[in-house]
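Each chain, letter by letter, is given below.
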Amino acid sequence: MLLTNKNHLIEMLSAALQGIAQERSLGEAPQPRLERPKAIDHGDVACNIALQLSKAWKLNPRELAQELVERLQKQPGFSDLIASCEIAGPGFINFRLANAAKTAVIQEILSTGPTFGELAKGQGSVAIAMIEFVSANPTGPLHVGHGRQAALGDALANLLATQGIDVHREFYYNDAGVQIANLALSVQARLQGLKPGDAKWPEQAYNGEYIADIAVAYKAHPDYRADLSEQQQVEEIRQFAVAYLRNEQDIDLKTFGVKFDCYYLESSLYTDGSVGQIVQDLQGIGKTYESEGALWLRTTDDGDDKDRVMRKTDGSFTYFVPDVAYHASKWQRGFEKVINVQGSDHHGTIARVRSGLQGVAHKRGWEIPKTYPEYVLHKMVTVMRHGEEVKISKRAGSYVTVRDLVEWSGGVTPEMDADQRELALQRGRDAVRFFLISRKADTEFVFDIDLALQQNDENPVFYVQYAHARICSILQQWGGSVEDLKHADLSLLQSKASDHLLRRLAEYPEVLADAAAELAPHALAFYLRDLAGDFHTFYNADRVLVDDQALKLARLALLSATRQVLENGLKLLGVSAPAKM
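Quantities reported herein were computed from a predicted structural model and do not represent experimental measurements. (Residues numbered from 1 in each chain as written. Predicted model: local features only at pLDDT ≥ 70, side-chain atom pairs only at ≥ 80, totals over all residues. Heavy atoms only, no water.)

J.: It is not clear to me how the environment of Thr382 should be interpreted in this structure. Could you clarify?
T.: Along the polypeptide, Thr382 turns up in strand E13 (residues 381-385). Separated by 218 residues in sequence, Thr382 and Gly164 have C-alpha atoms that sit 36 Å apart. Each residue touching Thr382, except ones within four places of it in the same chain, is listed here: Glu389, Phe445, Val446 and Phe447. (Helix = DSSP H or I, 4+ residues; strand = E, 2+ residues; numbered from the N terminus. Contact = heavy atoms within 4.5 Å.)

Next up, the structure:
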């Protein structure tokens, strides 16, 4: 049901309830809610407000429902919206939409096109929001967990943008700390001729082949100097390796179709004094204490199970301290809505980051909500190929990379020319993005490479894309102008299959709104599969290119609207909508 029609019916129901309440001196009624009936034969939309109010108003629910229906039928415009309504069970009201109200969705889609179901910028519940995702340490290639973050974060950003929100995408580089030191140590060991498995290979070093690639690139760089002291060389290697891997990650993200507005460096929080100021603020309000030679944060004041160490006995800060400084910078930059997409292993940091922020807010007079920032935590991805789990790649040494996943899922081979490779990468990117979005983030996901390569209905992304391509083929076969379809006689769409498809199309705006509000991009993937299924059912039931010109145009208009929504939805997920398959 289109949102405009839904809101109109809710207004009518509210007016009828208000009339009953005033006449009988009853209490105030809540706003009625409309739902889609579980059984499609029961109608297009249902309301249980009579059941909700019967006890408080001391009225028989069926009698209350009957009076509501009688009052509704007397309201202007009701018959234009509702063809019939009936009372079912203990007091449900089932409504059947008038045909014109059902088919109105086609005209709206054809007129609004790419923006159907979306709010204009500035009309959202908040003006601006930031989504931080991927945020990988620059110590190696992006792994499949980062891929899941990239798919979820990018789709979520697109969904929020449909709700009128100006969305800012940010990548936080952890370019400080022990892991970066280990990266430099690893490259230095390779430069010394060592390799994993050698007796002198550092235990904490990274073992992937990419470390050898960095060492070769470093030595081949025009600024390479062999006369540096060991300490100077380690620092030079550190800077080179971080820059090298940041570039490699950028290439992976580009291959995956993900762009960021800002790359924020953890190291900058130390150089600009932000970390030191955060510690000073928290000490200034008594939020910290000294014990056992360490500085502790009173996170139990904010519901944590125990207080947390901020500064260790060696003088270094624990990893959540710069996180507090980083999120303080987000608030200071004007982002009052912030969402972090991270792995479920970050769950333990939520309480301490929020606790630190509350302390900073108290010190600085900021009104930061206790739920700031929001989190979308995802579980791990298991990659299967030929019926067996794939745990490592030669390039990374200990895990499957995003680049591996895209290339495998697209069927990339060394023999391909540039054009063939690009097409294969597109197929792989589409499959990986759709698959990784198609489950709730907090569920573990098994990624089946063999399924991603299948060109049949068992492959969910192929199933949706094929629906789009099939409609394009029908429209091309017809050969007319889509503008002509805006004037089609839509009253001719009266079959059961077309009715189901119309209902599904009308749900799209609410699917976008709900998926954005619940931070659940998987809901859009589910919807697109359902829409593709309704289209395939319609296509098999109702021939489109019939001799009856008026009926043909009506069915083509329905298909053109379906094609547009499929394209719109796929675009939000970062997946292509091919005209041919």
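J.: Where do I start with the side chain of Asn5 in this structure?
T.: Following the sequence through the fold, Asn5 ends up in helix H1 (residues 3-24). Ignoring anything within four residues of it in the chain, the contact list for Asn5 reads Leu81 and Ala101.

J.: Looking at this structure, I do not really get the packing of helix H14 (residues 402-410) against helix H15 (residues 418-437). What am I missing?
T.: A pair of packed helices is characterised by two quantities: the angle between their axes and the separation of those axes. Remark: H14 packs on H15, axes separated minimally by 7 Å, with the N-to-C direction vectors making an angle of 110°. Taken together, the axes of H14 and H15 are roughly perpendicular relative to one another. Counting all contacts with H14, which are made through Leu405, Val406, Glu407, Ser409 and Gly410, the residues of H15 involved are Arg421, Ala424, Leu425, Arg427, Gly428, Arg429, Ala431 and Val432. For the contact of H14 with H15, a count of residues per class yields six nonpolar, three polar and four charged. (Axes fitted to C-alpha atoms, helices over the stretch in contact; angles between N-to-C directions. Parallel < 35°, antiparallel > 145°, perpendicular 65-115°, else oblique. Nonpolar A, V, L, I, M, F, W, Y, C, P; charged D, E, K, R; others polar.)

J.: Can you walk me through the sheet that holds strand E8 (residues 288-291) in this structure?
T.: By way of backbone hydrogen bonds, the strands of a sheet pair with one another, either parallel or antiparallel. Spatial ordering of the open sheet is given by E8-E9-E10, a layout of three strands whose pairing is antiparallel. Of all the strands in the sheet, just E8 and strand E10 (308-311) have a single pairing partner and so form its edges. For this sheet the average axis-to-axis angle between neighbouring strands, irrespective of direction, equals 45°. The sheet contact formed by strand E9 (residues 294-297) and E10 spans three bridges and is antiparallel. In the sheet register, Leu297 faces E10, and the bridge partner there is Arg308. (Pairing = 2+ DSSP bridges.)

J.: Explain the pattern of salt bridges here, please?
T.: With the rule as written, the count across this model stands at 31 salt bridges. With a closest N to O distance of 1.9 Å, Arg36 and Glu507 form a salt bridge. A residue pair is termed long-range when its members are at least 10 positions apart, and Arg36 in the loop between strand E1 (34-35) and strand E2 (45-47) and Glu507 in helix H19 (residues 496-517) qualify at 471 residues. Looking at Arg36, the relative accessible area reads 35%, which means it is partly exposed. A salt bridge links Arg308 to Asp305; the shortest N-O distance between them is 2.7 Å. You can call Arg308 buried: its relative accessible area is 14%. (Salt bridge = Lys/Arg side-chain N within 4 Å of Asp/Glu carboxyl O. Buried < 20%, exposed > 50% of the residue type's maximum accessible area, 1.4 Å probe, protein only.)

J.: Hey, could you run me through helix H21 (residues 549-572) in this one?
T.: Residue pairs three or four apart in sequence face the same way in an α-helix, which turns once every 3.6 residues. Helix length check: H21, at 24 residues, gives a terminal C-alpha distance of 35 Å against a target of 34 Å (1.5 Å per residue), a fit within 8%. Of all 24 residues making up H21, 20 are buried, and the element is well covered by its neighbours. Measuring from the backbone nitrogen of Ala550 back to the side-chain oxygen at the start of H21 gives 3.1 Å, which picks out Asp548 as the cap. Trailing H21 by a residue or two, Gly574 shows a phi angle of about 80°, which is positive. (Expected span 1.5 Å × (residues − 1). Polar contact = N/O pair within 3.5 Å; in protein donor to acceptor, adjacent residues only side chain to side chain.)

J.: Which parts of the structure should I look at to understand the sheet that holds E2?
T.: The strand order E1-E2-E4-E3 describes an open sheet built from four strands, whose pairing is antiparallel. The two strands at the open ends of the sheet, each matched to only one other strand, are E1 and strand E3 (82-88). Here two bridges tie E1 to E2, and the two strands are oriented antiparallel to one another. Looking at the pairing, Glu35 lines up with Ala46 of E2. Of the strands in this sheet, E3 and strand E4 (92-97) are in contact with helix H3 (residues 61-73), which crosses E3 at around 170°.

J.: Which parts of the structure should I look at to understand the environment of Ala83?
T.: Relative to the helices and strands, Ala83 resides in strand E3. Measuring from C-alpha to C-alpha, the distance between Ala83 and Leu485 comes to 25 Å, with 402 residues separating the pair along the chain. Setting aside its immediate chain neighbours within four residues, Ala83 contacts Arg96, Leu97 and Ala98.

J.: Would you mind going over helix H7 (residues 178-191) with me for this structure?
T.: Its 14 residues give H7 an end-to-end C-alpha distance of 20 Å, which sits within 8% of 20 Å, the value for a rise of 1.5 Å per residue. Every buried residue belonging to H7 is among Ile180, Asn182, Leu183, Ala184, Ser186, Val187, Gln188, Ala189 and Arg190, and all of these are buried. Buried-residue contacts for H7 involve helix H8 (209-220) and helix H9 (230-255). Positive backbone phi, at 90°, marks Gly193, one or two positions downstream of H7.

J.: Even after reading the chapter, I still don't get unusual backbone geometry, so can you show me in this structure?
T.: Among all residues except glycine, the phi angle is most often negative; among peptide bonds, the trans geometry is most common. Going from Tyr372 to Pro373, the amide bond is cis rather than trans, its omega being -5°. Of note, Pro373 is situated in the loop between helix H13 (349-364) and strand E12 (374-378). Its identity is not glycine, yet Ser135 carries a phi of approximately 40°, on the positive side. Assignment of secondary structure puts Ser135 in the loop between strand E5 (128-132) and helix H6 (144-162). Judged by its relative accessible area of 16%, Ser135 is buried. The phi angle at His386 is positive, at roughly 55°, despite the residue not being glycine. On the basis of relative accessible area, His386 is assigned to the exposed category, the value being 65%.

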